[in-house]
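Architecture at a glance
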2 protein chains.
Amino acid sequence: MDVQKTVSQLFADMDGAIGEIYFVACGGSLVDMYVSDYVVKSESKTLVSGLYTANEFVHVPPAKLGCHSVVVLCSHSGSTAETVEAARVAHRAGARTIGLTYNRKADLLEESDYSFIYEWGDEKRVHGNPMALMLDLTVLIIDQAEGWPQLPAFRRGMDIIDDVVGKAEDAVVPRAKAFAERYRDENMFYVLASGASYGHAYGFAICSLMEMQWLDAAPIHSGEFFHGPFEVTDRDTPFILVMGLGRTRELDERALRFLNEYAHKVEVVDAKELGLDVIDDSVSEFFNPILFYSVLSKYRQALSTARNHGLDVRRYMGKVEY
Amino acid sequence: MDVQKTVSQLFADMDGAIGEIYFVACGGSLVDMYVSDYVVKSESKTLVSGLYTANEFVHVPPAKLGCHSVVVLCSHSGSTAETVEAARVAHRAGARTIGLTYNRKADLLEESDYSFIYEWGDEKRVHGNPMALMLDLTVLIIDQAEGWPQLPAFRRGMDIIDDVVGKAEDAVVPRAKAFAERYRDENMFYVLASGASYGHAYGFAICSLMEMQWLDAAPIHSGEFFHGPFEVTDRDTPFILVMGLGRTRELDERALRFLNEYAHKVEVVDAKELGLDVIDDSVSEFFNPILFYSVLSKYRQALSTARNHGLDVRRYMGKVEY
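Below is a summary of the structure that appears in this document. Since the model is a prediction, treat every value here as computed from it, not as a measurement.

Considering the packing of helix α8 (residues 198-213) of chain A against helix α10 (residues 284-307) of chain A
Residues and elements named next belong to chain A.
- At a minimum axis distance of 11 Å, the contact between α8 and α10 shows a crossing angle of 25°. Looking at the two axes, α8 sits roughly parallel to α10. α8 and α10 meet at a crossing whose hand is right-handed. Across the interface between the two elements, His200, Phe204, Ser208, Leu209, Met212 and Gln213 from α8 touch Pro289, Phe292, Tyr293, Leu296, Tyr299, Arg300, Leu303, Ser304 and Arg307 from α10.

Description of the sheet that holds strand β8 (residues 239-243) of chain A
Residues and elements named next belong to chain A.
- Here we have 4 strands laid out as an open sheet, ordered β7-β6-β8-β9, and parallel in their pairing. Each edge of the open sheet carries a strand with a single partner, namely β7 (216-221) and β9 (266-270). Adjacent strand axes in the sheet meet at a mean angle of 20° when their direction is disregarded.
- Here 3 bridges tie strand β6 (residues 188-193) to β8, and the two strands are oriented parallel to one another. Each bridged residue has a counterpart across the sheet, and for Tyr190 the counterpart in β8 is Phe239.

Section: the packing of aromatic side chains
- As enumerated under the stated definition, the model contains 54 aromatic pairs over all chains in all.
- Seen in terms of ring centroids, Phe230 of chain A and Phe258 of chain A are 5.2 Å apart; in terms of plane orientation they differ by 40°. Their pairing is tilted. With Phe230 of chain A in the loop between β7 and β8 and Phe258 of chain A in helix α9 (residues 249-262), the pair connects residues that are 28 residues apart, well separated along the chain.
- The buried category is assigned to Phe230 of chain A, whose relative accessible area is 0%.
- On the accessibility criterion, Phe258 of chain A (3% relative accessible area) is buried.
- Ring centres of Tyr316 of chain A and Phe230 of chain B lie 5.8 Å apart, and the angle between their planes is 45°; this geometry places the pair in the tilted category. Here Tyr316 of chain A, found in the segment after α10, pairs with Phe230 of chain B, found in the loop between β7 (216-221) and β8 (239-243), and the two come from separate chains.
- Overall, Tyr316 of chain A belongs to the buried group, its relative accessible area being 7%.
- Here a set of aromatic residues connected by ring pairs shows up, and it is made of Tyr190, Phe225, Phe226, Phe230, Phe239, Phe258 and Tyr262 of chain A together with Tyr316 and Tyr322 of chain B.
- The cationic tip of Arg254 of chain B hangs over the ring face of Phe226 of chain B; the distance from NZ or CZ to the ring centre is 4.1 Å.

Quick look at the interface of chain B and chain A
- Each partner contributes residues to the interface: chain B has 65 residues there, and chain A has 65 residues.
- When chain B packs against chain A, close to 5,500 Å² is buried across both sides, 56% of that on carbon and sulfur atoms.
- Here Arg254 of chain A and Glu82 of chain B are joined by a salt bridge, their closest N and O atoms 3.0 Å apart.
- Across the chain B-chain A interface, the total number found is 34 residue pairs in polar contact (both at pLDDT 80 or more).

A few points about unusual backbone geometry
- Unlike most non-glycine residues, Asn308 of chain A shows phi in positive territory, near 55°.
- Structurally, the position occupied by Asn308 of chain A is in the segment after α10.
- For Asn308 of chain A, a relative accessible area of 73% gives the class exposed.
- Here Trp214 of chain B, not a glycine, exhibits a phi torsion of approximately 55°, which is positive.
- Position of Trp214 of chain B relative to the elements: it lies in the loop between α8 (198-213) and β7.
- Relative accessible area serves as the criterion here: at 28%, Trp214 of chain B is assigned to the partly exposed category.

Thresholds, definitions, all that
Residues numbered from 1 in each chain as written. Chains lettered and ligands numbered in written order. Predicted model: local features only at pLDDT ≥ 70, side-chain atom pairs only at ≥ 80, totals over all residues. Heavy atoms only, no water. Axes fitted to C-alpha atoms, helices over the stretch in contact; angles between N-to-C directions. Helix = DSSP H or I, 4+ residues; strand = E, 2+ residues; numbered from the N terminus. Parallel < 35°, antiparallel > 145°, perpendicular 65-115°, else oblique. Left-handed = near helix turned anticlockwise from the far one by under 90°. Contact = heavy atoms within 4.5 Å. Pairing = 2+ DSSP bridges. Phe/Tyr/Trp six-rings, centres within 6.5 Å; stacked < 30°, edge-to-face > 60°. Buried < 20%, exposed > 50% of the residue type's maximum accessible area, 1.4 Å probe, protein only. Lys NZ or Arg CZ within 6 Å of the ring centre and 35° of its normal. Buried area = accessible area lost by both parts, 1.4 Å probe. Salt bridge = Lys/Arg side-chain N within 4 Å of Asp/Glu carboxyl O. Polar contact = N/O pair within 3.5 Å; in protein donor to acceptor, adjacent residues only side chain to side chain.

Put into structure tokens, the structure is as follows:
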């Protein structure tokens, strides 16, 4: 479905009275929503936003959830039980639901007032992926609700992001291979990021490393690093610093200075150095996660190859009862 | 300062028009705010809430921050640079600030319209600790804004929480010792929780284990566990499951069933079994983190003793430039 058309219909349907947007999913799909929640919080003066893992939303829905709420739900298979149930909870409260899935026969679609069947697998065309779709939807909702001056710059960014991501992917392939060769025998990684990018520190840790490689991992917010976590820093522990462009870059730079001094195993994945700065400064930070998703996919692929541990291998997910 | 009096003054000062409450701090102080943010989101139909690590708030303040906002800031030393700066950001935007610190000469106090000098060190008297103070403040703000039917039950809970915590502490001392003896040579711990308790999964990981013991650790939300992280589960990896009372207990119980089946090293810290259920069901979940802070402090003390690694030993914090 067309994003602009959906937003127009949504506003008509709700008499223009959107109060809240909740982003609800699990695991990797929740990661994809992080930037949208961040955009509402940092850009909108009128809309309330919330980011929920689906089962928490089911059991403790926000008190504000009601007929002025829009609930965005995403499930790759479309049958994640908690996410489908969250859509039911949203409906019972009178909210409108927007469902995103890869599966045309998804259960989620039955509980979605609006829906998007997204593309998958071609990381060079990011427009159709769920993260970019939800981000697009979110900025259009903000713009229609109150006007968003950065929208033209954002649109220009969307026009060139495929090209930026393609070049960045090519640039990191050899680095990812070197990273994987160097760290193939490590058991534990810390992943640092801040701002719009933090979702991908979390996502790389829980999906790419824990789920797909059975490796221990933990995300750390670059701003929180100095208030506890940094005491684990030593010359043996690997850190992946995901440095974004934009307003919180200073936080990542501070982490980098510290790591360069006290750590020995540090991999820096820097959006600026990877060419994201061709996008206007007023909106480039919102594109960080789009770039990082594609670029970090090269890292996990290289790690999978070096460790001879396929990215699709699972021991519990979809295999046992839980 | 008296909490009820502060809330009354705040409402008078702001002509009753409080729109947003932001909770801003770093590390352990941020952990202490988690439950207050959770309460606003789950209980208030009128107030917007946000939880921010201070340096992110400084660089990307919420778009809604303004003259209808209350910003609660907490710093034990009162001189955490990012937190003091966040108070300045709040003031420049026209917001009111409430500062909490242990230090009567704190820089934070100069930027606090209202302030609390809290008590510290006596974990058996939790009323005066910053977490309980902020929670008390938050529910009184909700009650004054819109009425909170659970307030009488919450007050009764506060009246008996010291007694509950005291008994729970006594109960866990031998368990904590056994835990520490068993796991003294482990290097990595996962800490699971959900709902109001999640802040303490994060806090136990980053403060107690990483900062105070230089051990690798990661918090996992019990609801997210099944969407990636659980693939690391094996018989060698230790998990600490912090099981709360209340609406998300089902999430923790699901994690427990899985861990009992597939993990071997599982420590369960259960608020119900530790007697928190004497507090009314309608509010008991909000007391989970108060209980867990005190109880988990016994665990970290036991680990410190067993590992012969003092809780106050730091290699970077306050020792080097960063």
